[in-house]
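Observations on the three-dimensional arrangement
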Amino acid sequence: MMTFHLLTTGADKMAATDPNGLTLTTVCILVVFGCLLILYGVYSLLGAILGRQKADTVKPQENIAEKKDDGTSGVITIRTAGWSGNAQSTGATALSADAGTGSETKDSTESTRKGGTVTSPLPGMIIEVAVHAGDHVQRGQRIAVLEAMKMENDILSEFDGTVTAVYVTKGNTLKEGDRIASIE
Amino acid sequence: MENIIDSLQQFWQFTGFANCTWQHLLMIVIGIVFVTLGIVKKWEPMLLVPIGFGIIIGNIPVFTGLQVSIYEENSVLNILYQGVRQGWYPPLIFLGIGAMTDFSALISQPRLILIGAAAQLGIFGAYLLSLQMGFLPNEAGAIGIIGGADGPTAIFLSSKLAPELMGAIAVCAYSYMALVPVIQKPIMKLLTTKKERLIRMNKPREVSQREKIIFPIIGFICTAFIVPSGLPLLGMLFFGNLLKESGVTKRLANTAAGPMIDVVTMLIGLTVGASTQADVFISPRSILIFLLGLISFVIATAAGVLFVKFMNLFCKEGNKINPLIGNAGVSAVPDSARVSEMVGLEADPSNHLLMHAMAPNVAGVIGSAVAAGILLGFLG
């Protein structure tokens, strides 16, 4: 068998039998893919047996926005229920309305229509809280800073309004979808 | 009086000044450059500072017979070097890496494992190119593993296949890992359309603790049966992960991910640097190695992105994968996942890809260890 032959060959002999390295490369690629494919199969099976329910599927019409190119920011408008805003032309990061549906314990998309709950798009640690209850905020204003994978992510408000509640303090560890603040 | 002068002359013979050549000086300068890159530019400082300083240590001119050089048996440096030469430092680092890695992103979306496989094409692309450029198969294999973007794996494989090239390979690997944002971003933008960059991925499901415990056990058994020559790396990686997830070995996991990995990191960096000698490092072959290393990163990134696009052909609408996480198969954890996040946010400021990108990122660690194992099996 060719594979066995390769395995018993030293590198210098290999140069003679497989000068371009193509045989070895092909076999190696097949092995790597095969190995990881097997892992994929095993973990899918594991997930099917042991895992919990899948999270909600993103519906296709929410996936790709109607691109509103206002020329200043190039930022895409995401059209989802209850939110039609653009991010600020500073190009600032806006919080996904999807994140409002984030946690699996919230079971309806109604939570985006209630409006005003800023949730965490990533698991991480709050390293700064920029607002207090009672503060008036504008769309695009920074509410908090979340550290994830050693990256600092600004959490911005997607609403104008008044902060009615702040649920986190500096040092809190959050999961994806955890509440940060409510804005009315 | 004459005795004093004689003694002083003898003493002079022992000093570095008497034994110095321009090659020594150049290597010391190179060592200083890497230390500077680590401190000032923050290029993988935890590795480049020890490696850089190790280069300085290893290239201080010494009078042979003093028993201090790294290649003189039973010197301190030589004893510390055995962890590299015999290949047991990298597995210990993998133990720590396993103990600090969260595989839940991968467990919840197993199909993303395949991206980790695709990115390893960078290794084999570089292997083929190296052969064309005149390197021997064992050297080509060691150079190719740079594309795995995994420091311990690169050091492990090159210590076994081509120890004289290990220094160049190690600094190359860590330098390019630091440059991942610079290298990957243009490739990702070139190979993806605007529409593809906007793809939103389904929120991954929650992963139970039981799954997180079974993952390393089953993962190790599967991979080790297929590629037994990867046993040291894979075994340690999954063992470390089990220590982390079992819930009953927290102390061990914390030590592995903390003090232990730090100790080994210092020693591996220092001794890899100290083993890098002028006659091998200052040669046209080193320039070729650096070039091939860069090419392997480029191929790996492109392969990951293109493979995602290929996978999307088989995915239903609403269940597609954003190709911007394809680069994360290059297992510079978490740097390439961060690049996915950054480029994703540029396209859509509310589309956070970081946690999705972590899945191929950690899969790439497994993939590069498997690739190293198979290369060792054939070329070792």
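I will try to describe carefully the structure that is included in this document. (Residues numbered from 1 in each chain as written. Chains lettered and ligands numbered in written order. Predicted model: local features only at pLDDT ≥ 70, side-chain atom pairs only at ≥ 80, totals over all residues. Heavy atoms only, no water.)

Secondary structure summary: chain A contains 5 helices and 8 strands in total. Along its sequence from the N terminus, chain A presents helices and strands in the succession α-α-α-α-α-β-β-β-β-β-β-β-β. Per-residue burial over chain A gives 40% buried out of 184 residues. Put simply, chain A shows about 9800 Å² of open surface, and 53% of that area lies on carbon and sulfur atoms. (Helix = DSSP H or I, 4+ residues; strand = E, 2+ residues; numbered from the N terminus. Buried < 20%, exposed > 50% of the residue type's maximum accessible area, 1.4 Å probe, protein only. Areas by Shrake-Rupley, 256 points an atom, 1.4 Å probe, with all protein chains shown as cover.)

Right, let's talk about the sheet that holds strand 7 (residues 173-174) of chain A for a bit. All names here are of chain A. Pairing is antiparallel across the open sheet formed by 4 strands, whose spatial order is 5-4-2-7. Every interior strand has two partners, whereas the edge strands, strand 5 (151-156) and strand 7, have only one. Where strand 4 (residues 142-148) lies against strand 5, 6 bridges are found, and the strand directions are antiparallel. If you follow Ala 144 over to strand 5, its bridge partner there is Ile 155. (Pairing = 2+ DSSP bridges.)

Residues and elements named next belong to chain B. Counting through the fold element by element, Asn 319 comes out in the loop between helix 18 (284-312) and helix 19 (335-347). Judged by relative accessible area, which is 30%, Asn 319 ranks as partly exposed. C-alpha of Asn 319 to C-alpha of Phe 103: the two residues are 216 residues apart in sequence and 21 Å apart in space. Those residues in contact with Asn 319, other than ones at most four positions away along the chain, are Arg 111 and Asn 202. (Contact = heavy atoms within 4.5 Å.)

All chains considered together, the criterion is met by 12 aromatic pairs over all chains. With centroids separated by 5.5 Å and ring planes inclined at 55 degrees, the aromatic side chains of Phe33(A) and Phe307(B) adopt a geometry described as tilted. Placement of the pair is Phe33(A) in helix 3 (residues 22-50) and Phe307(B) in helix 18, with the two residues belonging to separate chains. Taken as a pair, Phe33(A) and Phe307(B) share a single burial class, namely buried. Between Phe310(B) and Phe314(B), the ring centres sit 5.2 Å apart and the planes meet at 80 degrees, which makes this aromatic pair edge-to-face. Owing to a relative accessible area of 44%, Phe310(B) belongs among the partly exposed residues under this scheme. Taken together through their ring pairs, the aromatic side chains of Phe33(A), Phe307(B), Phe310(B) and Phe314(B) make up a single cluster. (Phe/Tyr/Trp six-rings, centres within 6.5 Å; stacked < 30°, edge-to-face > 60°.)

All names here are of chain B. Summed over the entire model, instances satisfying the criterion amount to 9 salt bridges over all chains. Glu 346 is paired through a salt bridge with Lys 185; the nearest N and O atoms lie 2.9 Å apart. With Glu 346 in helix 19 and Lys 185 in helix 12 (residues 180-191), this pair connects stretches of sequence that are 161 residues apart. Here Arg 200 ties to Asp 348 by a salt bridge, and the two come within 3.1 Å at their closest N and O atoms. Of this pair, Arg 200 sits in the loop between helix 13 (194-197) and helix 14 (209-226) while Asp 348 sits in the loop between helix 19 and helix 20 (354-379); the two residues are 148 residues apart in sequence, bridging distant segments of the chain. What you see here is one network of salt bridges that share partners, running through Lys 185, Lys 189 and Glu 346. (Salt bridge = Lys/Arg side-chain N within 4 Å of Asp/Glu carboxyl O.)

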